[in-house]
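Next come the chains, spelled out residue by residue.
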Amino acid sequence: MSLGRFHVSARSRNRLIAGALAALAGGVAWLVRSKRPLPPEPAPEPPRIGYSRNGSAPAPVAGAGVENDR
């Protein structure tokens, strides 16, 4: 059993370094993208006048149908 240095060719070493750098760059890009703040939630729409979600008629305003005689 040899305790000497494990020999790796220059081409293999360069490929390993390039793969490690690509993996590191991908990890950094993923981390930056995941930390990006999300846009705020859109505000809810205000209710429309005379529009009902449950199908019932809107409540009449007191005195809306009364005519004024002067």
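For the structure itself, consult the block above.
Let us look at the structure shown here. Along each chain, residues carry numbers from 1 onward, in the same order as the chain's sequence is written. Note on the predicted model: pLDDT of at least 70 is required for a residue's local features to be given, and 80 or more for side-chain atom pairs to be given and counted; whole-chain, interface and lining totals, by contrast, use all residues. Think of the side-chain values as coming from all heavy atoms in the structure, minus any hydrogens and water.

Considerations on the overall build of the protein
Reasoning step 1: For the purposes of this entry, the term helix denotes a DSSP run of H or I that reaches at least four residues, the term strand denotes a run of E that reaches at least two, and both are numbered from the N terminus. Helix and strand content of the protein: one helix and zero strands.
Reasoning step 2: Three exposure classes are used, based on accessible area relative to the maximum for each residue type with a 1.4 Å probe and protein chains only: buried under 20%, partly exposed in between, and exposed over 50%. A total of 70 residues make up the protein; the buried ones form 0% of that total.
Reasoning step 3: Accessible areas in this description were obtained via Shrake-Rupley with a 1.4 Å probe; residue shielding takes into account the shown protein chains only. Surface summary for the protein: the accessible area is close to 7600 Å², and the carbon and sulfur share equals 61%.

Some points on a nonpolar patch on the surface
Reasoning step 1: The grouping of Ile17, Leu21, Leu24, Val28 and Val32 at the surface amounts to a nonpolar patch, some 470 Å² of accessible area in total.
Reasoning step 2: Summarising the element assignment, Val32 is placed in helix 1 (residues 10-34).
Reasoning step 3: Residue Val32 is classed as exposed on the basis of its relative accessible area of 56%. Patches in this entry comprise residues that are over 30% relatively accessible and not in a salt bridge; like charges within 9 Å are linked, as are nonpolar side chains (Val, Leu, Ile, Met, Phe, Trp, Tyr) within 5 Å. Salt bridge, as used here, is a side-chain nitrogen of Lys or Arg placed within 4 Å of a carboxyl oxygen of Asp or Glu.

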